[in-house]
Amino acid sequence: MFNKPNQLIFYVNVLIVIFGVLVALITPFAVVGLIIAISAALLIFDQIRQNKSAFSIDDLKKTLTVHDSGGNKATLTQIQMTTSCHADNSEYWFRNIRAVGSISNFRINDHSPDEQKKEGDNYQLCMRISPELKLIDGAGLTLTYEYQDAFTQNEGMLSHIVDDDTRQLRMTIQLPEGRTVSTARFFCQYDDREEALLPPTVTGKTIIEAVVENPKIGAEYCLQWRWADDGVLKKLGRLF
């Protein structure tokens, strides 16, 4: 939660709380000890509040559906139960949206984004938080968009970068019946290091799924698959 300077302040305040409690228990200055302990506890509470993420996500489900065996058309649906941790938050941003091919038709809760940015290959989408949404109490957000020519190679990948405190991340890939999965793996990239995670679940050779509890903020989780080889005739058929 904290960076190193904030960690030091946190530990100092914890020691002050302990000191205050000891003063209250074993010396005649009980009131002074309680004042010291309560003051330090309030500082700890305020530090935690200030360092808390702007938003928290209880459950995030990210589903990639590839519609054709050539990997030319696909749809991404991201459903998340999101809570605003501060009452003054006025907007929510979906970040780190990118693909090898083109992306279009962005929708947030079935509406166009209130603002859209592109930095290099990354899209960022903004949703203004209306009072009716009551995001401070937790509400469902649904992001959808479409890919074109993004999964035409022998290998494809669905990834997610964790921007907010998230309790559970579920990633699912649905492939067309005409072209199944050969192999699949799930891994995490964090601090310029790659960490292999538990193998994903493959159902019917067309559905790949991976779940991670309490994913690391700032980490990129990648669900990668390789298409099964359908032979020369089927490959030619997808071209015409």
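Everything below is about the structure printed above this text.
Residues numbered from 1 in each chain as written. Predicted model: local features only at pLDDT ≥ 70, side-chain atom pairs only at ≥ 80, totals over all residues. Heavy atoms only, no water.

Trainee: So what exactly am I meant to see when it comes to the packing of aromatic side chains here?
Mentor: Working definition: an aromatic ring pair is given by the centre-to-centre distance plus the angle between the planes. Tallying each qualifying case throughout the model produces 9 aromatic pairs. Look at Phe106 and Tyr145: their rings are 5.4 Å apart centre to centre, the planes differ by 55 degrees, and that puts the pair in the tilted class. Note that Phe106 is positioned in strand β4 (residues 102-108) and Tyr145 in strand β7 (residues 139-148), a separation of 39 residues in sequence. Taking 5.5 Å as the distance between ring centres and 65 degrees as the angle between the ring planes, the aromatic pair formed by Tyr145 and Tyr147 counts as edge-to-face. Overall, the relative accessible area of 3% leaves Tyr145 in the buried class. Joined through ring pairs, the aromatic side chains of Phe106, Tyr123, Tyr145, Tyr147, Phe151, Trp225 and Trp227 make up one cluster. (Phe/Tyr/Trp six-rings, centres within 6.5 Å; stacked < 30°, edge-to-face > 60°. Helix = DSSP H or I, 4+ residues; strand = E, 2+ residues; numbered from the N terminus. Buried < 20%, exposed > 50% of the residue type's maximum accessible area, 1.4 Å probe, protein only.)

Trainee: Help me understand the pairing of strand β10 (residues 168-174) in this model?
Mentor: Here is the key point about a regular strand: its side chains alternate between the two faces of the sheet. Among the 7 residues of β10, 5 are classified as buried, and the element is accordingly described as predominantly covered. As paired strands, strand β1 (residues 55-66) and β10 are joined by 6 bridges and run parallel to one another. Within β10, the position partnered with Lys61 by the bridge is Arg170. (Pairing = 2+ DSSP bridges.)

Trainee: What exactly am I supposed to notice about the sheet that holds strand β11 (residues 181-190) here?
Mentor: In a beta sheet, neighbouring strands are held together by backbone hydrogen bonds and run either parallel or antiparallel to one another. As summarised here, the arrangement of the 4 strands in space is β8-β15-β11-β12, forming an open sheet in which the pairing is antiparallel. Each edge of the open sheet is held by one strand with a lone partner, namely β8 (155-161) and β12 (193-196). Strand-to-strand twist of the sheet, defined as the mean angle between neighbouring strand axes without regard to direction, takes the value 25 degrees. Across 7 bridges, the pairing between β8 and strand β15 (residues 220-227) is antiparallel. When the sheet's bridge partners are listed, Met157 is paired in β15 with Gln224. (Axes fitted to C-alpha atoms, helices over the stretch in contact; angles between N-to-C directions.)

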